[in-house]
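Inside the fold
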Amino acid sequence: VNVVPKIEVSCTVNGSAHTLTTYPMARLLDVLREQLKLTGTKEGCGEGECGACSVLIDGDLVNSCLVPILQVQDCAITTIEGIAEGSVQQAFLECGGAQCGICTPGMIVAAVHLLAHTPDPTEEQIREGLAGNLCRCTGYGKIFESVLRAAITA
Amino acid sequence: MIVNAAGPPVLRKEGRAKVTGQALYVDDVTFPGMLYGVTVRSPIARGRITRIVFEDGIPWDEFTIVTADDIPGKNAVSLIVDDQPFLAKDQVNHPEEPIVLLAHPDKYLAEKARNHVRIEIEPMPAIFTLEESESKSQIVWGQDNVFKTYLMEKGDLDSAMADADLIVEGEYTTGAQEQLYIETNGMISVANAEEGVTVWGSMQCPYYIQKALLSLFGLPEEKIRIVQMETGGGFGGKEDYPSIIAGHAALLAWKSGKPVKIIYDRAEDMVATTKRHPSRTRHKTAVSKDGKLLAMDIDFVIDGGAYATLSSVVLSRGTIHAVGAYSCPNIRITAKALATNAPSHGAFRGFGAPQSIFALELHMDKVAAAVGLTPDEFRRRNFLHQGDTTSTGQVIREAVNMDQLLDRALELSGYHEKRIAFAAGNATSRRKKGIGFASFLHGAGFTGSGERYLQSIITVEASRGGIVRVLASSTEIGQGTNTIFSQIASQTLSIPYEAIEIAKPDTNAVPNSGPTVASRTCMVVGKLIESASLGLKQSLIAAGLLSEPYSHDQFQSACAAYIDQFGALKSSSQYEAPPGIFWDDDKYQGDAYGAFAWAVYVAEVSVDTVTYEVQVDDFVALQEVGHVIHPILAAGQIEGGVAQGIGYALYENVVWRDGRMVNNQMTNYIMPTSADIPPIRVYFEENPYAYGPLGAKGIGELPMDGPAPAILSAIENATGVAFTHIPLSPEDISRSLTTQEPMVLHEVAP
């Protein structure tokens, strides 16, 4: 059924080198979840709207559901599993930034990305920085508080 | 010893697994040899199935194929009325109705194959609106398209109407709303004759699924096991439809002899599963010159879609909430749930109440204006007080003080000052500012006799190490069940929060504590945990092994000694109605709910008169929900509900074409983002409820009721136009503000 041949893609994921054999248009999201068993990255919509599948590629925040695997040759990918447990996760716990938890890994990846570039963000910058990550549970307020607290406690 | 009564609130019980990405949702799990299941659905709204064609180009011999003919038991989803098939056999009644199931080891091939099954259907006439259903131009369900009706009467409506100083009428409509949990629906099943059927998945109500699968397979209870995985949001959307998906996965697993996983993608989840019932409410209100409600005649109609599912109980809650937090001596409510050829509408946070309260609150503003009173003064003259009776004749026993809630909410929001300042500023500004409020109640727990029929039961069991395990079927879906249950058990037993474990909801391992719906988990099930925990403690004390006060070490020693002596240390508790609670099902009269939560929400908006966009600038949510057990979780419930309410009012528009949702993507069904939500300022007035655990009442649904009417009231304040429907789009506002013939306008008192 699949007439396109598989290709080999080399990249690092959470610091480990991988050579992946896969169809060139396979979604990074699926390769992470199915081949590498990194199931912390979630699929919410499959069309780049919700941000549940957020990962970092060479430090840039991307929706992994929109990235064909052939684009990550020689790239460094970071998923929620590769983010050291620290002030951001703790802040989400303390401030009620996670409820059902399904948007949480993507939200934390986005928050880590934001704080890496803007260590002392204003609420406006947080709103902007997380605008690509949808949450249906919290109404966002406690997520903003979490990021503000993480910025202070980092 | 009081544990955790002071200091920072405890952390969410399963929080660490969630923030590290380790929590396992159904799609995170695979089984060896697992197949992927897909669903072939009806392309049209209504018709007779004439042929199912498996087109060329697919290796069909590799597939497991299930149709209605493969069902071992009864082809009906057992819920309230068993009218909905798991798989349509001869006739379809809505678009996307499941007809054929396919499973294959390659999920991409399974998806491709789905598009190569052609369902040939001879179309039958279909209906899509309440008006078409009411007119009975086509009968699409039962004898008359009517799933359920209620008639609620109090006093003498006709005489009161005849004698009234003034009668005010209005009609209000609400649209469908998608729950849009971020985790789509999914199930995995292993099923065979020897072991029976097991299903793991995303759900709110394990025992609902078990009930549905018992009749689907015709197997005994011990052969149907349902296990909840971590669940990424529900909001009512995972109350009834998961029974169908679980059934489908189990049928494929049964036939193939292999584990089968079905995961809906977003488009399928949105197009095929339940949404909030669209509604239409007509009000006719008699009021005295001095602004006292004399009589309320209310006609409340909801669109149930193609099958009965939960519509009768959604209608019930909507009907009972239709007169809200007001006292009126003469009431008549006629209510009906009607059939159309859309996918069945189902549970969504609030369960009928957001619809009827939306209509009520806008209508109260209209009546206030008609008698020349401000919205707040009119409400002060009509609020329910302690000792008053509701529309069902329920005497309000609680010390409710809506006047005080209203005053405080208006003060916190700066309502009066802003009404004046906005009126002055709006004369010259492009962005018209407005502020409005809604005052309302929400009943916690199942309506009427519901809790008595459920007879929920929970168990707490202690280990020799002094760890107490809570066994209940109530599900953690983000709202904090695990945390709240742990707090209740730990505080009742005076042992640390960390010494409580919550058993995974698994019908083989936990008793039936009822469905996780209706704002009942904390108040009703939590109370059972409190009672059972007290029972466990009493067992230790009665055995002479423990005396208060005690340390956790002493508790541990006592548990070990008890277990050595008696084998096990456990305590169960089953629901009993609080004293004095009575409900008459036939007359539909009595104590509709054990307790109500009370609230006043204030919304501040600006309306851009060039783009007609509405921005909610500020939101005050003040409520009385008994004692607040966990302030952060409670505020999280309110903030999340308000955000959904803002979406309901302004953004979330389900676009229908011939009974099918056509904007079934997050790209064009717009839910609020972090950029859309104003600061939501949450306040609690605490008034401990004697029959709730630690004094708590229900909270989950309440915040869905107030935002939409508060926002529309604020838009009226900003623009002078009293809109009467949601979702309210910029296009709707544009049309009214630019039309030559103005819509119903009335003066707005500052």
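Residues numbered from 1 in each chain as written. Chains lettered and ligands numbered in written order. Predicted model: local features only at pLDDT ≥ 70, side-chain atom pairs only at ≥ 80, totals over all residues. Heavy atoms only, no water.

1. Digging into the overall build of chain B
- A tally of regular secondary structure across chain B gives 20 helices and 28 strands.
- What you see for chain B is a C-alpha radius of gyration of 26 Å, in line with the 27 Å of a compact globule of 750 residues.
- A total of 750 residues make up chain B; the buried ones form 64% of that total.
- When contacts within chain B are restricted to residue pairs at least 6 apart in sequence, long-range pairs at least 24 apart make up 81% of them.
- Where the 62 positive side-chain charges of chain B centre and where its 89 negative ones centre are 1 Å apart. (Helix = DSSP H or I, 4+ residues; strand = E, 2+ residues; numbered from the N terminus. Rg over C-alpha atoms; globule rule 2.2 N^0.38 Å. Buried < 20%, exposed > 50% of the residue type's maximum accessible area, 1.4 Å probe, protein only. Contact = heavy atoms within 4.5 Å. Lys, Arg positive; Asp, Glu negative; His and termini not counted. Charge placed at Lys NZ, Arg CZ, Asp CG, Glu CD.)

2. Observations concerning the sheet that holds strand β1 (residues 7-13) of chain A
All names here are of chain A.
- With mixed pairing, 5 strands are arranged side by side in an open sheet as β2-β1-β5-β3-β4. Edge strands, defined here as strands with exactly one partner in the open sheet, are β2 (16-22) and β4 (60-63). Across the sheet, the mean angle separating the axes of adjacent strands is 40° when strand polarity is ignored.
- Of the strand pairs in this sheet, β1 and strand β5 (residues 76-78) are connected by 2 bridges, and their pairing is parallel. (Pairing = 2+ DSSP bridges. Axes fitted to C-alpha atoms, helices over the stretch in contact; angles between N-to-C directions.)

3. Notes on helix α19 (residues 707-719) of chain B
Residues and elements named next belong to chain B.
- Under the 1.5 Å per step criterion, the end-to-end length of α19 is 18 Å for 13 residues, consistent within 8% with the ideal 18 Å.
- Burial analysis of α19 places 13 of its 13 residues in the buried class, the great majority of the element.
- Just downstream of α19, G720 is the residue with a positive phi angle, here 80°. (Expected span 1.5 Å × (residues − 1).)

4. Comments concerning the environment of N663 of chain B
All names here are of chain B.
- Positionally, N663 belongs in the loop between β26 (660-661) and β27 (680-684).
- Note on N663: relative accessible area 5%, which makes it buried.
- Considered as a pair, N663 and A532 are 131 residues apart in the sequence and their alpha carbons are 48 Å apart.
- Excluding residues that lie within four positions of it along the chain, N663 makes contacts with M270, N653, V654, V655, N668 and Y669.
- Polar side-chain contacts of N663 include one of 2.6 Å to the backbone oxygen of N653.
- Only 3.3 Å separates the side chain of N663 from the backbone oxygen of N668, close enough to count as a polar contact. (Polar contact = N/O pair within 3.5 Å; in protein donor to acceptor, adjacent residues only side chain to side chain.)

5. With respect to the nonpolar core
- The biggest cluster of nonpolar side chains holds 96 residues, and the ones touching the most others in it are F92 of chain A together with Y601, L650, I711, L712 and I715 of chain B.
- For this core, the leading source of residues is helix α17 (residues 631-651) of chain B, giving 10 residues.
- Non-local contacts of F92 of chain A, meaning those with residues more than four positions away in its chain, are made with G97, A98, T104, M107, I108, A111, I143, S146 and V147 of chain A together with V19 of chain B.
- The next biggest cluster of nonpolar side chains, apart from the first, holds 66 residues, and it includes C205, A322, F437 and Y593 of chain B. (Core = buried A, V, L, I, M, F, W, Y, C linked by side-chain atoms within 4.5 Å.)

6. A short note on the interface of chain B and chain A
- Each partner contributes residues to the interface: chain B has 57 residues there, and chain A has 47 residues.
- Both faces considered, chain B and chain A share a buried interface measuring about 4000 Å² in area, 54% of it formed by carbon and sulfur atoms.
- Three residues, V19, I182 and S674 of chain B, lead the burial of chain B against chain A; their summed loss comes to 19% of the area buried on that side.
- For the pair chain B and chain A, the interface holds 7 salt bridges.
- Note that E34 of chain A is salt-bridged to K107 of chain B, the shortest N-O span being 2.5 Å.
- On inspection of chain B and its partner chain A, the count reaches 27 residue pairs in polar contact (both at pLDDT 80 or more). (Buried area = accessible area lost by both parts, 1.4 Å probe. Salt bridge = Lys/Arg side-chain N within 4 Å of Asp/Glu carboxyl O.)

7. Comments concerning the side chain of T231 of chain B
- Here T231 of chain B lies in the loop between β11 (224-228) and α6 (241-256).
- A polar side-chain atom of T231 of chain B sits 3.4 Å from the main-chain amide nitrogen of M203 of chain B.
- Polar side-chain contacts of T231 of chain B include one of 2.8 Å to the backbone oxygen of M229 of chain B.
- Not counting the four nearest positions on each side in its chain, T231 of chain B is found in contact with C100 of chain A together with Y25, E183, G201, S202, M203, K238, E476 and I477 of chain B.

8. Here we look at helix α16 (residues 552-566) of chain B
Residue and element names in this part refer to chain B.
- Between its first and last C-alpha, α16 extends 20 Å over 15 residues, near the 21 Å set by a 1.5 Å rise per residue.
- Those residues of α16 lying buried are H552, F555, A558, C559, A560, Y562 and I563.
- In this fold, the buried residues of α16 make contact with β17 (457-462), β18 (468-471), α14 (481-493), α15 (521-542) and β20 (569-574).
- One or two positions beyond α16, positive phi appears at G567, with a value near 100°.

9. Some remarks on the pattern of salt bridges
- Counted according to the given criterion, the structure contains 62 salt bridges over all chains.
- With a closest N to O distance of 2.5 Å, R16 of chain B and E85 of chain A form a salt bridge. Note that R16 of chain B is positioned in helix α1 (residues 15-19) and E85 of chain A in the loop between β5 and α2 (87-95), a pairing that runs across two chains.
- Judged by relative accessible area, E85 of chain A falls into the partly exposed class, the value being 44%.
- R408 of chain B is the salt-bridge partner of E685 of chain B, the closest N and O atoms lying 2.9 Å from each other. Taken together, the residues E685 of chain B in the loop between β27 and α18 (702-705) and R408 of chain B in helix α11 (residues 402-413) connect sequence positions 277 residues apart.

10. So, the pairing of strand β16 (residues 431-444) of chain B
Residue and element names in this part refer to chain B.
- Counted residue by residue, β16 has 12 buried out of 14 residues, so it is predominantly covered.
- In this sheet, strand β23 (residues 595-608) lies alongside β16 in antiparallel orientation, the contact comprising 14 bridges. Residue pairing for β23: H442 is matched across the bridge by A597.

11. A look at the environment of E128 of chain A
- Here E128 of chain A lies in helix α4 (residues 123-129).
- Taking the C-alpha atoms as reference, E128 of chain A lies 35 Å from Y23 of chain A; in sequence the two are 105 residues apart.

12. Here's the deal with the confidence of the model for chain B
All names here are of chain B.
- Averaged over all residues, the pLDDT of chain B is 96; the fraction at 70 or higher stands at 97%.
- The weakest mean pLDDT in chain B belongs to strand β21 (residues 583-584) at 92; the strongest belongs to strand β5 (residues 98-104) at 99.
- Low confidence marks residues 1-5, where pLDDT is under 50. Its contacts with residues over four positions away, or in another chain, come to 13 contacts.
- As scored by the predictor, the complex reaches a pTM of 0.97 and an ipTM of 0.98. (pLDDT = per-residue confidence, 0-100.)

13. Describing the packing of aromatic side chains
Residue and element names in this part refer to chain B.
- Under the criterion given, the structure shown has 18 aromatic pairs over all chains.
- Ring geometry for Y326 versus F383: centroids 5.8 Å apart, planes at 10°, classification stacked. Of this pair, Y326 sits in the loop between α8 (311-320) and β15 (330-339) while F383 sits in the loop between α10 (375-380) and α11; the two residues are 57 residues apart in sequence, bridging distant segments of the chain. For the pair formed by Y326 and F383, the shared burial category is buried. (Phe/Tyr/Trp six-rings, centres within 6.5 Å; stacked < 30°, edge-to-face > 60°.)

14. Some details on the packing of α15 of chain B against α16 of chain B
Residues and elements named next belong to chain B.
- In contact at an axis separation of 10 Å, α15 and α16 are set at 75° when each is read in the N-to-C sense. The angle between α15 and α16 falls in the class roughly perpendicular. Contacts between α15 and α16 involve L536, S539 and L540 from the first element and F555, A558, C559 and Y562 from the second.
- Its residues assigned to classes, the contact of α15 with α16 comprises 6 nonpolar, 1 polar and no charged. (Parallel < 35°, antiparallel > 145°, perpendicular 65-115°, else oblique. Nonpolar A, V, L, I, M, F, W, Y, C, P; charged D, E, K, R; others polar.)

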